Structure formats: C-alpha cells, structure tokens
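# Observations on chain architecture
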Amino acid sequence: MNARPNSWHSTTSRLILIYGALFVVWGAVLVGVIQWETTRYLNSVIDQMLQQRMHYIASTDPARLAATVDAAAAIDPHGIMSVGLFDKDHQPVAGNIDHLPSSLLRDGQVHLLRHGLPRPDRDAERVRARGLAATLPNGDILVIAKDISTIDGIGAIIRRALLWGVSLTIIPGLLGGFLLRRGPEKRIRALQEATGPIRQGDLSKRLPISRRGDELDQLAGIVNTMLGEIERLMNEVKGVCDNIAHDLRTPLTRLRARLYRTQQQLEGEPESALVESCIVDIDEVLTRFRALLRVSELEDRHRAACFDEVDVGQVLRQVHEFYAPLAEDRGQSFEIDIQSLSPVRADAHLLFEALANLVGNAIKFTPSGGKVSLRASMDKRGPRVDVIDSGPGIPADERDAVTRRFYRGDNSRTTGGSGLGLSIVSAIVRLHGYALDIGDATSNGARLTLYCYPLAADEKAGTCLSRSVPEVTPMTA
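Residues numbered from 1 in each chain as written. Predicted model: local features only at pLDDT ≥ 70, side-chain atom pairs only at ≥ 80, totals over all residues. Heavy atoms only, no water.

- Per an unreviewed UniProt entry, the protein chain carries the name histidine kinase and comes from Dyella japonica.
- According to its UniProt record, the protein chain has this under Subcellular location (unreviewed entry): "Membrane".
- In the Catalytic activity (unreviewed entry) part of its UniProt record, the protein chain is described as follows: "ATP + protein L-histidine = ADP + protein N-phospho-L-histidine." (UniProt positions renumbered as here; feature names shortened; annotations may be inferred.)

Below, the structure written as structure tokens:
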C-alpha cells in the first residue's frame, strides 16, 4: 500500500482544528458572559421600574386606587406592564391580571413568575415575566408584572451573532487552511518519492530542497548530509571488500596453478592427496571471492537501464529443466505449476540466476525422497513465484540475517557453500525493486516467495517483508 500521508493528520490541519475548537469554545464562553451580564443588568432595570411603579400606585388614595389601576392597565394594551388589584378573597378588582399568581410571594420583592403571564395580544400564550406583590393596609393585594421576553430576544440576537461570527471565521479559516496545507503536502510527497530509490539502496540520490529555506528544507539538508556520509562510508567498506577479493584472486590463482603442477609431479605419491585437499580449499576461497564480487556487480544500479519485457513462466521452465536431473539424482520430487502470467520488466539472465539460487537451495536442504515445488501465480499486483520444499526451513529469527553476506544458519553449517547465495538473490531482487519473503509452508517445510512487481513506497525492496502473505499448500504428487 502506498504510504501517502493523511491530509487531516498534518500539522497545518491540526492547528486549524485546534484554533477552530478554541475559537468556538472561547466564543461560547464570551457570548455566555455577555448574555449573563446583559440579562442581569436588564433585570435590575426592570426591578427598579416595577418597584417605582408599585410605590407610585400603592401611595394613591384608596378611594381612587381601582381607577388608577385601570388607568395604568389601559395605557398598556399589549400587557407589557401588567397591573392587578385583588381583594382579600383574591378576587380581581381592577387591572388586566385575571387571577393572582399563586407562586408570587407578597413580600414586596421582585420575583420571576414561574408560570408566566398571559398577553392580551397573543391568544392563549403565556410569556416570561417578573413581578412583585404587596398587601395594602386595607387588605387588598396589588400585583405588578412586566414581560421580559425582550431580554430573551436580546439573548437570541447575541447567539445569532455568535453563529455568524463562528461561520465567518471558521469557513474562511478552513479554506485558508486547505490552501496552506497543499504546499507542505506537495513537498512531503516529493520527499517521499525521492526516498524511494534511497530505500532500494541507491544512496547517490538526495532529497529535493526548495528556495524557501524553511523547516522542511533544513530537515532535508540534514538528511542529505547524513546520506552523503553514509554513502561515503558504504563505498569505503565496499571498496575495501572488493579490493581484497580482487587483489587476492590473482595470487590464489597462481598458488592453485603451482599446487596443481606439484600434484601432477607427485602423482602416485602419498603427498598427492594432501596437495589435492589444498587445491580444494583454494577453490572454495576463490568461489567465495567470485560470489562476493558478483554481489558488488549486482549492486551497480546502472544495469537496470538494460531491462526488457521478460516472460517469468519461460524463465521458470528453464530453471525447472536445469535442476530436474539434480533433483532426480537425489530422489526428490520436483514439480512445477505455472498459471498465466503477465510479463515483467527485468533482466532475464539475472532473474534466472535468482530463481536458480532459490531452487538450488531448496534442493540442497531437502532430504532425499523429499518434495520441491515451483509455483507461479498472479497476485493482485503482478506475478508471484513460490518455491516450496519439505526441508527443515529457515528459523524465524534468522530470516532477516540469511540475506546478509557470509551468513550461515545452524541448519547449513554442515553443508557446503559460501553463505552468499541468498545475498546474490537479495541483490538481484533489490536491483529490480522486487521483494523476497521467507516463511513457512502450510505443512512442514520452507516457503520462499518472490514478488515480481515494483513495490509501494512503504515497502523495502530486496528484503524479507513483514506483510500478510497467504499460505500456499504444496502440490500433491
């Protein structure tokens, strides 16, 4: 899968979301404080008005009190300021309040009417109101109340202002954040694409640096410096190893030739067997040197320019034909199963060498009478080759190490070889950008899977992959 970064996980997106959340929270708190202060202030003004009105009406001559109450109600036909006069039995005497509010205390203090008051201009509708009631010296009860729905309207206006403020801030902020995010994302993708060849072993590549000189460019510069130093050290180590292998081949070849001539001269003598064992040891050293130089040659990535369309099935048939006699001599069953495969871009000779090494190892480590299967099928992304054998397999803790040079596992120490076979395979696979997975077959045995298609950006070419690979069942005879 492609490791394309999630746009909403970027720093810019997170800053926008955090800023938006903080703005909404702070705006809500601010509006709440404003609304609370406004409501408190308006309530205090209404309370003063009610108390002043109560003082004025209550101080009226008792003989004219009912007429005064009716006059106060008449000048307010909408019932915004309601006035009511009730007798000792709570029966209405004057005013526009039909009945005495049961929840209103008659202590001369302003209270919020829990059940509200009816409005003459609104049919069967009750509105929130504040009022106060007082008992007059003659026993009558005077009630004055005021509609406070205006305060609720002011609160609604403030809340709508908050919504408009949030929308006018968040929407342009999101659009601006989207535009600001595109630049860093584009540069991150460019950096990610530039790291592809580096992950596949081409240390000569460098990360692109723009003219901005920002944090990303500084980070890319640091990485480029590290890559340059790593490349230098790797080239030094590689050069030393190659020079040793190359320089020692000539004297060893001369030594072998002299030992061979000595063996010819000592033919029939007891010393001839000793000389022959020395020649065998020198041949083994020369074989290792040739394999080591072969790995270095394969790591030269310029050979990839000569790739062409290759039929994987044809290469597999050649490998099967080449190793079938060896498997027969060892009493092994060597089977092949090839499905219809699409061509791949590769070097046919190198692909043959890699598959031959895999099959050769499977035959070498499979006991006599065992089974080796060569299977090819189409994966979701391209051809896939499975080499399955009934041998001891490779332990899980050694599967990453077996592709390193000269590494030999516990199962292979008693067999011949230089420990460079899978290193050559790994170099070929890495050169092509393919992947090699080492695992277990469904039954006892080993499975090596070669994926013959370019890897995604988050997959490392040439090494054992940590991905879910469907198990394959060895073919039956």
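### Structural notes on the overall build of the protein chain
- Scanning the protein chain from N- to C-terminus turns up eight helices and twelve strands.
- Per-residue burial for the protein chain yields a buried fraction of 39% across its 477 residues.
- Once local pairs closer than 6 in sequence are excluded, the contacts in the protein chain between residues at least 24 apart make up 65%. (Helix = DSSP H or I, 4+ residues; strand = E, 2+ residues; numbered from the N terminus. Buried < 20%, exposed > 50% of the residue type's maximum accessible area, 1.4 Å probe, protein only. Contact = heavy atoms within 4.5 Å.)

### Regarding the nonpolar core
- Counting 38 residues, the largest nonpolar core has L355, V359, V385, Y434 and L450 as its most contacted members.
- Elements with a minimum of two residues in this core: α6 (312-329), β8 (344-346), α7 (348-365), β9 (371-378), β10 (383-389), α8 (421-432), β11 (435-440) and β12 (446-451).
- Top contributing element to this core by residue count: α7, with nine residues.
- The next biggest cluster of nonpolar side chains, apart from the first, holds 19 residues, and it includes L65, V69, A134 and L136. (Core = buried A, V, L, I, M, F, W, Y, C linked by side-chain atoms within 4.5 Å.)

### Quick look at unusual backbone geometry
- The phi dihedral of H90 is positive, around 65°, even though this residue is not glycine.
- Position of H90 among the secondary structure elements: in the loop between β1 (81-86) and β2 (92-95).
- Classification of H90 by relative accessible area gives partly exposed; the value is 38%.

### Examining the environment of M378
- Within the secondary structure layout, M378 lies in strand β9.
- Relative accessible area serves as the criterion here: at 36%, M378 is assigned to the partly exposed category.
- Between the alpha carbons of M378 and I338 there is a distance of 9.6 Å; along the sequence they are 40 residues apart.
- Apart from the residues lying within four places of it in its own chain, the contact partners of M378 are Q339, S340, L341, S342 and P383.

### Details of the pattern of salt bridges
- Under the definition given, this model contains five salt bridges.
- For D217, the salt bridge goes to R187, with nearest N and O atoms at 2.6 Å. Linking D217 in helix α4 (residues 215-265) with R187 in helix α3 (residues 149-199), this pair joins segments that are 30 residues apart in sequence.
- In this structure D217 comes out as buried when scored by relative accessible area, which is 6%.
- Taking the relative accessible area as the measure of exposure, R187 reaches 15% and is therefore buried.
- One salt bridge in this structure joins R232 and E229, with 2.3 Å as the shortest N-O distance. (Salt bridge = Lys/Arg side-chain N within 4 Å of Asp/Glu carboxyl O.)

### A short note on the packing of aromatic side chains
- Under the definition given, this model contains two aromatic pairs.
- For the ring pair F322 and Y323, a centre distance of 5.1 Å and an interplane angle of 75° mean the geometry is edge-to-face.
- Residue F322 is classed as exposed on the basis of its relative accessible area, which comes to 54%.
- Assessed through its relative accessible area of 14%, Y323 is described here as buried.
- A centroid spacing of 6.2 Å and a plane angle of 80° characterise the contact between F322 and F352, whose relative ring orientation is edge-to-face. With F322 in helix α6 and F352 in helix α7, this pair connects stretches of sequence that are 30 residues apart.
- On the basis of relative accessibility, which here comes to 24%, the residue F352 falls in the partly exposed class.
- Of note, R40 hangs over the ring of W36, and the distance from its end group to the ring centre comes to 5.5 Å. (Phe/Tyr/Trp six-rings, centres within 6.5 Å; stacked < 30°, edge-to-face > 60°. Lys NZ or Arg CZ within 6 Å of the ring centre and 35° of its normal.)

### Looking at the packing of α6 against α7
- Closest axis-to-axis distance for the α6/α7 pair is 10 Å, and the angle between their directions is 35°. By crossing handedness, the relation of α6 to α7 is classed as right-handed. Along the contact surface, α6 presents V312, V315, L316, Q318, V319, F322, Y323, L326 and A327, while α7 presents L351, F352, L355, A356, V359, G360 and I363.
- By residue class, the composition of the contact of α6 with α7 is 14 nonpolar, two polar and no charged. (Axes fitted to C-alpha atoms, helices over the stretch in contact; angles between N-to-C directions. Left-handed = near helix turned anticlockwise from the far one by under 90°. Nonpolar A, V, L, I, M, F, W, Y, C, P; charged D, E, K, R; others polar.)

### So, the confidence of the model for the protein chain
- When the pLDDT values of the protein chain are averaged, the result is 76; 75% of them are 70 or greater.
- Element-level pLDDT for the protein chain is lowest in helix α5 (residues 271-298), with a mean of 72, against a maximum mean of 90 in α6. (pLDDT = per-residue confidence, 0-100.)

### Examining the pairing of strand β5 (residues 141-147)
- When you tally the buried positions in β5, you get seven out of seven residues, the bulk of the element.
- Here β5 shows two buried faces, one formed by I141, V143, A145 and D147 and the other by L142, I144 and K146.
- The sheet contact formed by β1 and β5 spans six bridges and is antiparallel. Considered in β5, the bridge of L85 is made with L142. (Pairing = 2+ DSSP bridges.)

### Considering a nonpolar patch on the surface
- Judged by side-chain polarity, V25, W26, V29, L30, V33 and I34 come together as a nonpolar surface patch covering roughly 560 Å² of accessible area.
- Inspection of the secondary structure assignment puts V25 in helix α1 (residues 11-58). (Patch = residues over 30% accessible without salt bridge, like charges linked within 9 Å, V, L, I, M, F, W, Y side chains within 5 Å. Areas by Shrake-Rupley, 256 points an atom, 1.4 Å probe, with all protein chains shown as cover.)

### Describing α6
- Here α6 is 18 residues long and its end C-alpha atoms lie 26 Å apart, about the 26 Å a rise of 1.5 Å per residue gives.
- Along α6, the sharpest kink reaches roughly 40°, centred on Y323 and followed within four residues by the proline P325.
- Those residues of α6 that sit buried are V312, G313, V315, L316, V319, H320, Y323 and A327.
- On its buried face, α6 sits against β6 (308-310), β7 (333-338), β8, α7, β9 and β10.
- By the N-cap criterion, in which a side-chain oxygen at the helix start approaches the backbone nitrogen of a residue two or three places on, α6 is capped by D311, the distance to G313 being 3.1 Å.
- Backbone geometry just after α6 places G331 at a positive phi near 70°. (Expected span 1.5 Å × (residues − 1). Bend = angle between axes of the 7 residues up to and from the residue. Polar contact = N/O pair within 3.5 Å; in protein donor to acceptor, adjacent residues only side chain to side chain.)

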